[in-house]
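Listed below are the residues making up each chain.
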Amino acid sequence: MNIEAEKNRDHMSEGEQIWEKRIAVVGIGGVGGYLAGMLGRVCPHLTVAARGARREAVLKDGLILHSDHNGEIKVHPERVVPTKELGEQDYIFICVKNYSLEEVCGELSGAVTDDTVLIPVMNGADPGERLRKLMGKGTVVDSLIYIVAFANEDHSITQQGDFADLRIGIKDADEDEKKKVKEVSAILSAAGIDYQAAEDIEQEIWKKYILNCAYNVASAYYDNNIGQLRSDPVKAKEYEELVREAYAVARAKGVNVGQKDVDAILYRFYHELAEDATSSLQRDIRDKKRAETDTFSGYIVREGRRLGISMPVSEKMYEGLMKYEQKR
């Protein structure tokens, strides 16, 4: 028996241990691969959804995680199957690109029961809301993660830096939903995944989203790293405006964010982010891959227009990014 699992067995409610649970990870890129690697150390009934060369690599060599935060990890999930073949699951971590969510939900129909807990660990402000509408069953526990992680050409996963921090929660949760959040907390704890159960998960999601509305969008629009953006007064000013425009939308939507959150995001831009930092949106556009342009830019522009908020910088960059997308 894994010692870490043994130590954490009492975290599960009513004597239900983590090793009895059917847990799946859908999408084993950077984020999903990190979570699957950590979960695989303590979950004997772990299934990962993969296909093609990635599935073959995991079946042959296991799921390999090179983690600055947790060391070298290699696990062999109980099952590695296409999403359609998952079978019924107790908990499903959904770690796909935002634009793939609708397709994935269709493939998950046979895996989700009324008792299944779905945890979307994805970019954007609304994956949980969309997941609830698309699935219509199960319980969705909202989340976000602060992590730098990516899949390598050999299908191993690299996690960089000394942090990989998850937040989970449900807004205005009832007693049954609070119980589900506690169950997910127990799983994360047993797996050694750094996490917090947030009192206001909507606030936490939007704090990260506002940051990304500037970080991803400006870096992709100019194809600049953070050092290049903050060393150019014009680009730095536009970065600030992107933050303020997204903040104005959040406030108009009733999200509990404040000026201190804006100040913290801008402080991070000027003083904490690495000089050579790039964004996932920037890398995808540069590599001519399908990118989450709509997630980081289109959504905030549409919401701003709907709410009558002026957002000239966001609109300019969205239009420019869409032109890049059309050339893909």
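Computed from a predicted structure; not experimentally measured.

A few points about the packing of aromatic side chains
Counting across every chain of the model gives six aromatic pairs. Relative to F269, the ring of Y239 lies with its centre 3.7 Å away and its plane at 10°, an arrangement referred to as stacked. Highlighted residues: Y239 in helix 9 (residues 233–252) and F269 in helix 10 (residues 259–272), separated in sequence by 30 residues. The ring of Y146 has K208 lying over it, and the distance from NZ or CZ to the ring centre is 5.6 Å.

Brief notes about the pattern of salt bridges
In the structure shown here, the tally under the stated rule is 22 salt bridges. The closest approach of N and O atoms between E202 and K171, which form a salt bridge, is 3.2 Å. Placement of E202 in helix 7 (residues 201–222) and of K171 in the loop between strand 10 (157–169) and helix 6 (175–191) is noted, with a sequence separation of 31 residues between them. Given a relative accessible area of 47%, K171 falls into the partly exposed group. Taking the shortest distance from any N to any O, the salt bridge between E275 and R230 comes out at 3.0 Å. Linking E275 in the loop between helix 10 and helix 11 (280–286) with R230 in helix 8 (residues 226–231), this pair joins segments that are 45 residues apart in sequence. Several salt bridges share partner residues, and in doing so they unite D165, R167, E204 and K207 into one network.

Topic: the packing of helix 7 against helix 13 (residues 312–326)
Two numbers describe a pair of packed helices, the interaxial angle and the distance between the axes. One can describe the packing of helix 7 onto helix 13 by two numbers: an axis separation of 10 Å at closest approach and a directional angle of 55°. On the basis of their axis angle, the class for helix 7 and helix 13 is oblique. Judged by the sense of rotation from one axis to the other, the crossing of helix 7 with helix 13 is left-handed. Across the interface between the two elements, V217, A218, A220, Y221 and Y222 from helix 7 touch K316, M317, G320, L321 and Y324 from helix 13. The residue inventory of the contact of helix 7 with helix 13, partitioned by class, reads eight nonpolar, one polar and one charged.

Considering the environment of V58
Counting through the fold element by element, V58 comes out in helix 3 (residues 52–61). Between the C-alpha atom of V58 and that of V217, which follows or precedes it by 159 residues, the distance is 33 Å. When neighbours within four sequence positions are excluded, V58 is seen to be in contact with I28, L63, P77 and V80.

Overview of the pairing of strand 3 (residues 63–67)
Of the two faces of strand 3, only the one carrying L63, L65 and S67 is buried; I64 and H66 on the other face are not. Where strand 3 and strand 4 (residues 71–75) come together, five bridges link them in antiparallel fashion. The partner of S67 across the bridge, within strand 4, is G71. Counted along the chain from strand 3 to the antiparallel partner strand 4, the turn is three residues long.

Describing the confidence of the model for the protein
Mean pLDDT for the protein: 93, with 94% of residues reaching 70 or above. Throughout residues 1–15 the model reports pLDDT below 50, and contacts reaching past four residues in sequence, or to other chains, amount to 29 contacts.

Some thoughts on the side chain of E183
Summarising the element assignment, E183 is placed in helix 6. Given the relative accessible area of 6%, E183 is considered buried. Polar side-chain contacts of E183 include one of 2.8 Å to the side chain of K179.

Things to note about the environment of R55
Here R55 is to be found in helix 3. Sequence separation between R55 and I28 is 27 residues, and the spatial gap between their C-alpha atoms is 9.8 Å.

Some thoughts on the sheet that holds strand 5 (residues 79–81)
Taken together, six strands build an open sheet; the order of strands is 5-2-1-6-7-8 and the sheet is parallel. Strands at the two margins of the open sheet, each flanked by one partner only, are strand 5 and strand 8 (139–140). Here strand 2 (residues 46–49) pairs with strand 5 via three bridges, running parallel. Residue pairing for strand 5: T47 is matched across the bridge by R79. Here helix 6 sits on the sheet in contact with strand 1 (23–26), strand 6 (91–94), strand 7 (117–120) and strand 8, set at roughly 75° to strand 6.

A closer look at helix 13
With 15 residues, helix 13 should reach 21 Å at 1.5 Å per residue; the first-to-last C-alpha distance of 21 Å fits that figure. When helix 13 is considered as a whole, its buried residues turn out to be V313, S314, M317, Y318, G320, L321 and E325. Residues of helix 13 that are buried make contact with helix 7, helix 9, helix 11 and helix 12 (293–306).

Focus: the nonpolar core
Residues W206, I210, I226, Y239, V243 and I300 are the most contacted members of the largest nonpolar core, which totals 43 residues. Mapped by element, the contributors of at least two residues to this core are helix 7, helix 8, helix 9, helix 10, helix 11, helix 12 and helix 13. Among the elements that line this core, the one with the most residues is helix 7, at 11 residues. Ignoring any residue separated from it by four or fewer positions in sequence, one finds I300 in contact with W206, Y209, C213, A246, V249 and M311. Core analysis: the next-biggest nonpolar cluster, separate from the first, contains 39 residues, L63, I73, V75 and C95 among them.

Conventions used here
- Residues numbered from 1 in each chain as written.
- Predicted model: local features only at pLDDT ≥ 70, side-chain atom pairs only at ≥ 80, totals over all residues.
- Heavy atoms only, no water.
- Phe/Tyr/Trp six-rings, centres within 6.5 Å; stacked < 30°, edge-to-face > 60°.
- Helix = DSSP H or I, 4+ residues; strand = E, 2+ residues; numbered from the N terminus.
- Lys NZ or Arg CZ within 6 Å of the ring centre and 35° of its normal.
- Salt bridge = Lys/Arg side-chain N within 4 Å of Asp/Glu carboxyl O.
- Buried < 20%, exposed > 50% of the residue type's maximum accessible area, 1.4 Å probe, protein only.
- Axes fitted to C-alpha atoms, helices over the stretch in contact; angles between N-to-C directions.
- Parallel < 35°, antiparallel > 145°, perpendicular 65-115°, else oblique.
- Left-handed = near helix turned anticlockwise from the far one by under 90°.
- Contact = heavy atoms within 4.5 Å.
- Nonpolar A, V, L, I, M, F, W, Y, C, P; charged D, E, K, R; others polar.
- Pairing = 2+ DSSP bridges.
- pLDDT = per-residue confidence, 0-100.
- Polar contact = N/O pair within 3.5 Å; in protein donor to acceptor, adjacent residues only side chain to side chain.
- Expected span 1.5 Å × (residues − 1).
- Core = buried A, V, L, I, M, F, W, Y, C linked by side-chain atoms within 4.5 Å.

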